[in-house]
Amino acid sequence: VPIPWAPPDTSDSVGNLLDILPHLADMLSYFSKLHSQYGDLVTFTLPGFGRTIIIDRPEWLEHVRKNDMVVYGKGERTLVMFTAFLGGWSPFGAEGMRWKTSRKVIKPIFASAQFDATLRAMNEILMPARELLSNAAKQDVVIDFNEFFGRLLVMIFYKMALSSDIALLTPDPSCLSEPHMLLADASTQNSISSGRIFNPWWQFTEQLNGVGETFAAARGRADKLVDDIIASRRKMSREAAAAYDDFLSTLLQGTDEVDPVLFRDCIITLLFASKDTTQNALSWSLHELSRHPDWVDAMRNEALSRDTQERAIPYDNLANYPIHMAVLYETLRLWPGVPKNSRVALQDDVLPGIPELGYGPIKVDKGDNVAWSDFEMMKNEAVWGPDAKEFNPARHLDADGQFVKPSQPKFHAFGAGPRACPGSQSATYQFVAIWASILPFFDIKPVEMKDRYWSDGLTISMRDPLLVRLKVDWSTYRLQYSRADEETNGTSLYSGVGAGLSYAVYS
Ligand code: HEM
């Protein structure tokens, strides 16, 4: 069978190393460069890596994702990288029985039993966090909204999963520039881990440049934080522990014997998997929305017509928010959370031909890396139509305005196959609930209207701060929250954090 791909020039000894070297700090752009030069199918080789075949078509992706963990695997390098980052029990770093066990352990966090804990966390963290925004508006100070989203999501996760408070946000907007060890450690580990992907010798080079030590220290602190929370819950009397109905309590029920590292790895994985991706979705959506104000109005009208915004929306209200969901899916289409990814062929295989595009079947050899760029594929006019590069949430709405979930793997932002994202529903809920409780109250204007870029990583984080100015939107402002004792002054949008809040509703 003829192999129709067009390899860039290679020399046997170094492969494409010289071509790739200048791009090592931004491999996503390199994938895009290859796509524009060679099309959907291209291959490159790197010493220590062998051959990588980029397959930017849903048909090929469907084949690979369906055969994930049988014909294709993550490959030794990726498994070692994720094990160092998130632990050997993390679903990201495991295959076979270990993977099955870890997926079983994390499952309860997505179950309906957790919806109450999630809603409670949203109310306790998200609603008071609006006070920070109203203070920023009153003081007319510029804030980094990407930082705000990141901190908000970590606080919600700690509250929801572990009933633990972690003070990353206060009513004072200046809190956003106060460094916090947990955030610094997470970002250190993330960027070092992503640098490891295309450096087959990282275990050696990091010993020489001290990066390994920095990573180990950050990892140690992150582990300890979670270990301490698990240990203190384990020490509690049965009655005291019974008062909790969070994810941790579900984990610990009747499991005195279980390896504590398993729980810790799973908790750290969930924090990583949920925080970064959802933060990025929110920030990139703000970037797109600021250029498409009609969609801001549509979301605002939707939120105001559905709920009171007095409290975060409940899980089962999600279907009432088609416009919010369409905006999420359209944001993820253009800014997919995991923008590029790969697998390794565990055996010889053949990718299906696509005769209408002139592609015959494609032979893949055992040991080949098979990679794809969701970032490229989901902007491809041949896949998504002539307006593929445009932000147009309407493509996910039907004639009645109902949300229509795009099919996988044409839409591949949540992955597909056995390793598809188990958190897609929970991310959708958080995205909708957060926007629905912020947009009706605030006009949010980026300080600079400009193109924005990503920093190279496992996820598509924004490279520069997302600096914005806020205004309280009095035209759509239907509710005013205040402490009972401040009700009469009419100036406070929302006062008071934590217990003892009361809500006053004004029409
Ligand atoms: C907008 C938000 C999110 C996006 C775009 C996203 C995207 C993805 C993608 C593309 C994968 C597949 C990776 C691969 O095949 O190698 C994945 C896996 C995963 N996601 Fe998400 N995710 C999001 C939110 C979440 C949330 C909120 C959670 C948990 C609370 C979560 C937990 C996981 C886990 C545990 C896996 C590993 C699955 C496995 O390998 O078995 N994700 N996610």
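See the structure printed just above.
Sequence order sets the numbering: in each chain, residues are counted from 1 along the sequence as written. Only residues with pLDDT of 70 or above have their local features reported here, since the model is predicted, and side-chain atom pairs are shown and tallied only from 80 upward, although totals for entire chains, interfaces and linings are computed over all residues. Hydrogen atoms and water are omitted, and side-chain values are computed over all heavy atoms in the structure.

Asker: In this structure, what is going on with helix H14 (residues 293-306)? I would like to understand it.
Answerer: An α-helical segment advances 3.6 residues per turn. Residues three or four places apart therefore align on the same side. Only DSSP runs of H or I with at least four residues qualify as helices, and only runs of E with at least two residues qualify as strands; both kinds are numbered from the N terminus onward. Expected span of a helix: the number of residues minus one, times 1.5 Å. With 14 residues, H14 ought to run about 20 Å at 1.5 Å a step, and its terminal C-alpha atoms sit 20 Å apart, in line with that. Relative accessible area decides the class of each residue, using a 1.4 Å probe on protein chains only: under 20% of the type maximum gives buried, over 50% gives exposed, and in between gives partly exposed. Every buried residue of H14 is listed here: Trp295, Val296, Met299, Arg300, Glu302, Ala303 and Leu304. In this structure, the buried side of H14 is in contact with helix H13 (260-291), helix H15 (322-334), helix H18 (424-436) and strand S9 (442-446). By the convention used here, residues are in contact when the closest approach between their heavy atoms is within 4.5 Å.

Asker: Would you take a moment to explain the packing of helix H4 (residues 76-86) against helix H8 (residues 181-197) for this structure?
Answerer: Geometrically, a packed helix pair is captured by the angle between its two axes and the distance between the axes. For every element, the axis is a line fit to its C-alpha atoms; helices are fit only across the contacting stretch, and the angle between N-to-C directions ranges from 0 to 180 degrees. The N-to-C vectors of H4 and H8 enclose an angle of 165°; their axes lie 10 Å apart at closest approach. The angle between H4 and H8 places the two elements in the roughly antiparallel class. In the packing of H4 onto H8, the handedness of the crossing is right-handed. Across from Arg77, Met81, Ala84 and Phe85 in H4, the residues of H8 making contact are Gln189, Asn190, Ser193, Arg196 and Ile197. Classification convention: Asp, Glu, Lys, Arg as charged; Ala, Val, Leu, Ile, Met, Phe, Trp, Tyr, Cys, Pro as nonpolar; all other residues, Gly among them, as polar. For the contact of H4 with H8, the residue count by class is four nonpolar, three polar and two charged. For classification purposes, angles smaller than 35 degrees are called roughly parallel, those larger than 145 roughly antiparallel, those between 65 and 115 roughly perpendicular, and all remaining angles oblique. Two helices that cross are described as forming a left-handed crossing if the nearer one is turned anticlockwise from the farther one by less than a right angle, and a right-handed crossing if clockwise.

Asker: I would appreciate a short explanation of the coordination of the iron atom of the ligand in the present structure.
Answerer: Reference values for angles at a metal are 109.5 degrees in the four-donor tetrahedral case and 90 or 180 degrees in the six-donor octahedral case. Water is absent from the atoms considered, so a metal site may look incomplete; donors are defined as N, O and S atoms within 2.8 Å of the metal, or 3.2 Å for Na, K and Ca. Within the protein, just one atom coordinates the iron atom of the ligand: Cys421 (SG), at a distance of 2.3 Å. Here cysteine 421 is to be found in the loop between helix H17 (381-384) and H18.

Asker: Hey, could you run me through the sheet that holds strand S12 (residues 467-472) in this one?
Answerer: Pairing between sheet strands relies on hydrogen bonds along the backbone, with the strands arranged either parallel or antiparallel. Here, a strand pair is defined by DSSP locating no fewer than two bridges between the strands. What the three strands build is an open sheet, ordered S4-S12-S9; its pairing is antiparallel. At either end of the open sheet lies a strand with only one pairing partner, and these are strand S4 (143-144) and S9. Where S4 lies against S12, two bridges are found, and the strand directions are antiparallel. By the bridge assignment for S12, isoleucine 143 is matched with valine 468.

Asker: It is not clear to me how the site of the ligand should be interpreted in this structure. Could you clarify?
Answerer: To be near a molecule or strand, a residue needs just one of its heavy atoms within 4 Å of it. Near the ligand you find 27 residues, and of these Arg65, Trp99, Arg103, Arg419 and Cys421 are the closest. Taking arginine 103, its side chain carries an N or O atom lying 2.6 Å from an oxygen atom of the ligand. Two N or O atoms form a polar contact when they lie within 3.5 Å of each other; inside protein one atom must be a possible hydrogen donor and the other a possible acceptor, and for residues adjacent in sequence the pair counts only when both atoms belong to side chains. Arginine 343 places a side-chain nitrogen or oxygen 2.9 Å from an oxygen atom of the ligand. Listing elements by their share of the shell around the ligand, those giving two or more residues are helix H5 (96-106), H13, strand S5 (340-345) and H18. Considered class by class, the residues forming the shell around the ligand number 14 nonpolar, eight polar and five charged.

Asker: Honestly, the packing of aromatic side chains in this entry has me stumped. Any pointers?
Answerer: What describes a pair of aromatic rings is the distance from one ring centre to the other and the angle between the planes of the rings. Aromatic rings from Phe, Tyr and Trp, taking only the six-membered ring of Trp, are treated as a pair when their centres fall within 6.5 Å; an angle between ring planes under 30 degrees marks them as stacked, one over 60 as edge-to-face, and anything in between as tilted. Using the criterion set out here, one finds 23 aromatic pairs in the structure. Between phenylalanine 85 and phenylalanine 272, the ring centres sit 4.9 Å apart and the planes meet at 70°, which makes this aromatic pair edge-to-face. Separated by 187 residues along the polypeptide, phenylalanine 85 in helix H4 and phenylalanine 272 in helix H13 bring together distant segments of the chain. Here the aromatic cluster, defined as three or more aromatic residues joined through ring pairs, consists of Trp284, Trp335, Phe375, Tyr453 and Trp454. The ring of tryptophan 89 has arginine 98 sitting right over it, with the charged end atom 4.0 Å from the ring centre. In this analysis the charged atom, NZ for Lys or CZ for Arg, is taken to sit over a ring once it is within 6 Å of the ring centre and within 35 degrees of the ring normal. Between the NZ or CZ atom of lysine 379 and the centre of the ring of tryptophan 335, over which it lies, the distance is 5.8 Å.

Asker: Just to check I follow, could you spell out the pairing of S5 for this structure?
Answerer: Each regular strand displays side chains that alternate between the two surfaces of the sheet. Where strand S3 (residues 72-73) meets S5, two bridges bridge the pair, whose relative direction is antiparallel. Counted as the bridge partner of tyrosine 72 is alanine 345 from S5. As judged from the five bridges shared by S5 and strand S8 (residues 369-373), these two strands associate in the antiparallel manner. In the strand pairing of S8, lysine 340 is matched with serine 373.

Asker: Hey, could you run me through unusual backbone geometry in this one?
Answerer: Negative phi values dominate among residues other than glycine, just as trans dominates among peptide bonds. Here the residue pair glutamine 408 and proline 409 is connected by a cis peptide bond, since its omega of -5° sits within 30 degrees of zero. Mapped onto the elements of the fold, proline 409 is located in the loop between H17 and H18. In this model, aspartate 140 sits at a positive phi of 55°, which is unusual for a non-glycine residue. By secondary structure assignment, the location of aspartate 140 is in the loop between helix H6 (115-139) and S4. The phi angle at serine 163 is positive, at roughly 50°, despite the residue not being glycine. With relative accessibility at 27%, the residue serine 163 sits in the partly exposed group.

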